[in-house]
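# Examination of the molecular architecture
Residue strings, one per chain:
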Amino acid sequence: FVLFPLGSLIVHQHFNHNYAEFKNKYTEWFSLILLVTYSYWPLREMKSYHISHHRTWLTPADPTASEIAQGKWLYYLGLTTPQHFERYHVTIAPSFEFVAKYFFRIKLAIYALLIALFGLEGLFYIVIVPQFFMYVLSKAHDLIFHSSDHAQDCPWLFPVYFNDCWHVEHHRNYDHAQDWHWPWINLHYWYHRLLFS
């Protein structure tokens, strides 16, 4: 519940949409380390998929909705057949270029460092357990917002998803960041204040 909104802010608001710029190199590299530690998608593929998802949202061509249509439990368990999505040429910041080029090497170096410092048990609690909860929350998020032709925002899910529970609003305002809802108790808002200018 701490890493999920942080990860969604870094990946979604900055990397996928370029809505925000980092305050400085320290916050940028901190974010890059988190991205590499908890993400498994090649970065260009991730951004291209997201563009495709936005352009085809709530249509049969939406790659996320197409997978969910194969069966909600199959999707939740990661057993669906990945759907074709249109590839786009994406540009990413120079620091992300470096990370994209050496993604798995950097990931292995981070894991090796964590094992050296905290042992396998540390790796389990620092990486595996948070990754499991982020998977559970992100899959549930997809099922809520991408499996219906009548998707609607769900403010009552704010304690779990924070600003992401206004996902429909985000899709309808593709070129703009979402307004911050209930900012003083919104982790997305505070992370944004901490990391971005």
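The structure we're discussing is the one just above.
A few points on the structure. Because the structure is predicted, anything quoted here is derived from the model rather than measured.

### Thoughts on the overall build of the protein chain
- Looking only at helices and strands, the protein chain has 10 helices and zero strands in total.
- In terms of overall dimensions, the protein chain is globule-like: its C-alpha atoms have a radius of gyration of 17 Å, near the 16 Å expected for 197 residues.
- Considered along the principal axes of its C-alpha atoms, the protein chain spans approximately 50 × 40 × 35 Å.
- The buried share of the protein chain, reckoned over its 197 residues, is 48%.
- Taking the intrachain contacts of the protein chain between residues at least 6 apart in sequence as the baseline, contacts between residues at least 24 apart amount to 64%.
- As displayed, the protein chain offers around 11100 Å² of accessible surface, 66% of which is attributable to carbon and sulfur atoms.

### A few points about the layout of surface pockets
- Taken as a whole, the largest pocket encloses approximately 1300 Å³ of empty space.
- If you trace the largest pocket, you find 36 residues lining it, with Val11, Trp41, Met46, Ser138 and Asp142 closest to the centre.
- At the level of elements, helix H1 (3-16), helix H2 (25-38), helix H3 (43-55), helix H4 (63-68) and helix H7 (103-146) are the ones that each hand at least two residues to the lining of the largest pocket.
- Tallied by class, residues from the lining of the largest pocket come to 17 nonpolar, 15 polar and four charged.

### Some details on a nonpolar patch on the surface
- Together, Trp73, Leu74, Leu77 and Leu79 give the surface a local cluster of nonpolar side chains, amounting to about 490 Å² of exposed area.
- By the element assignment, Leu79 lies in the loop between helix H5 (72-76) and helix H6 (94-101).
- Residue classification places Leu79 among the exposed positions, given a relative accessible area of 57%.

### Quick look at the state of the cysteines
- Counted under the stated rule, the structure contains zero disulfides.
- Here Cys154 stays unpaired: no disulfide links it, and the sulfur of Cys165, its closest cysteine neighbor, is 7.4 Å away.
- The exposure class assigned to Cys154 is buried, which follows from its relative accessible area of 7%.
- Overall, the relative accessible area of 0% leaves Cys165 in the buried class.

### Thoughts on the environment of Arg44
- With respect to the element layout, Arg44 can be found in helix H3.
- Judged by relative accessible area, Arg44 falls into the partly exposed class, the value being 33%.
- In this structure, Arg44 is in contact with Val90, Ile92 and Glu97, ignoring residues within four places of it in sequence.

### Considering H6
- Every buried residue of H6 is listed here: Ser95, Phe96 and Val99. End-on view of H6: buried residues confined to an arc of 95°, all on one side of the axis. More than 90 degrees from the buried face of H6, the exposed residues found are Pro94 and Lys101.
- The inward-facing, buried residues of H6 contact H1, H2, H3 and H7.

Rules behind the numbers
- Residues numbered from 1 in each chain as written.
- Predicted model: local features only at pLDDT ≥ 70, side-chain atom pairs only at ≥ 80, totals over all residues.
- Heavy atoms only, no water.
- Helix = DSSP H or I, 4+ residues; strand = E, 2+ residues; numbered from the N terminus.
- Rg over C-alpha atoms; globule rule 2.2 N^0.38 Å.
- Buried < 20%, exposed > 50% of the residue type's maximum accessible area, 1.4 Å probe, protein only.
- Contact = heavy atoms within 4.5 Å.
- Areas by Shrake-Rupley, 256 points an atom, 1.4 Å probe, with all protein chains shown as cover.
- 1 Å grid on protein atoms, 1.4 Å probe; cavity = no way out; pocket = protein on both sides within 12 Å on 5 of 7 lines; lining within 4 Å.
- Points joined across faces, edges and corners; volume = space filled by probe spheres on them.
- Nonpolar A, V, L, I, M, F, W, Y, C, P; charged D, E, K, R; others polar.
- Patch = residues over 30% accessible without salt bridge, like charges linked within 9 Å, V, L, I, M, F, W, Y side chains within 5 Å.
- Salt bridge = Lys/Arg side-chain N within 4 Å of Asp/Glu carboxyl O.
- Disulfide = S-S within 2.5 Å.
- Arc of directions from axis to C-beta.

Spatial relationships are all this shows, so hold off on functional conclusions.
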